[in-house]
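Listed here are the chains, written in short residue letters.
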Amino acid sequence: MYSMKEIKKAVRKDRDLRSSLVKTTEKDTILFDITGDGKADIAILDVTGDGNADTIAVDTIGEGYYDTVFVDTDGNDIPDTILCGNLQQGIINEAIHGPEVEEVITEIANTVISAVMEAAFTEVAAETVAAAVSAELEEAAKAADKAYRARLKEAKKAERVERKADATEAMKQRLNERKTKIEATLKRGKRQ
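What this report covers is the structure whose coordinates are included nearby. (Residues numbered from 1 in each chain as written. Predicted model: local features only at pLDDT ≥ 70, side-chain atom pairs only at ≥ 80, totals over all residues. Heavy atoms only, no water.)

**Considerations on the sheet that holds strand β6 (residues 81–84)**
Where we set the bar: At least two DSSP bridges between two strands are needed for those strands to be called paired. The secondary structure listing takes helices from DSSP runs of H or I that are at least 4 residues long and strands from runs of E that are at least 2 residues long, numbered from the N terminus. The contact definition used throughout considers only heavy atoms, calling two residues in contact when any of these lie within 4.5 Å. Whenever a helix is involved, its axis is fitted only over the stretch in contact; in every case the axis is a line through C-alpha atoms, and angles between N-to-C directions fall within 0 to 180 degrees.
The antiparallel open sheet is built from seven strands, whose spatial order is β1-β2-β3-β4-β5-β6-β7. At either margin of the open sheet sits one strand with a lone partner, and together these are β1 (21–22) and β7 (94–97). Of the strand pairs in this sheet, strand β2 (residues 29–32) and strand β3 (residues 42–45) are connected by four bridges, and their pairing is antiparallel. Directly across from Ile-30, in β3, lies its bridge partner Ile-44. Strand contacts of helix α1 (residues 4–13): β1, β2 and β3, with the helix running at about 30 degrees to β2, the strand carrying the most contacts.

**Some points on the side chain of Asn-86**
Selection criterion: Note on exposure labels: buried denotes an accessible area under 20% of the residue type's maximum, exposed denotes more than 50%, and partly exposed covers the range between, all computed with a 1.4 Å probe on protein chains only.
Residue position: Asn-86 is located in the loop between β6 and β7. Judged by relative accessible area, Asn-86 falls into the buried class, the value being 14%.

**A closer look at the pattern of salt bridges**
To keep things clear, this is the line we draw: The working definition used for a salt bridge is a side-chain nitrogen of Lys or Arg within 4 Å of a carboxyl oxygen of Asp or Glu.
The full count for this structure, using the stated rule, is one salt bridge. The salt bridge partner of Arg-163 is Glu-159, with a shortest N-O separation of 3.0 Å. Taken as a pair, Arg-163 and Glu-159 lie in helix α3 (residues 99–191) at a separation of four residues, close to a single helical turn. Residue classification places Arg-163 among the partly exposed positions, given a relative accessible area of 48%.

Structure (structure tokens):
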């Protein structure tokens, strides 16, 4: 199985699991409320105190007590014993033990882990795509802003050139008017 730290870290990353977490002061216990009734339906435990999850207790029938427990009795971090009954009262209706149990539990764990890893991969892929799209949008926004500023600068430059041309044209017109007046005055002066 996994260390309690690894499980807690994975739970913190998963929004759905994090929302179903039941707070506990026990560092060797992780509790989940899957049904939403406020009571823990699944408990992941480190019974041996070695930092690894070695026991999983599940309330499969919703009666408010753990009726199925998966226990690692040989210390290899893979549960090899399944206990069924009202375990809160100490009643065991069925006990299954042996390497076959380990094989089935390992297969189930691998299926669950594969699903979690696929979901994590999908989440990472989605985050990567989102980051790439965000970066592209940011670059496009920067390029659009740069183009806008360049167009604005060109428009201002064209406006200045046009004003200068208008001022030059107005000056030429005034000079022509003065020239015409001077020529008219000179013509009048020659006649007199």
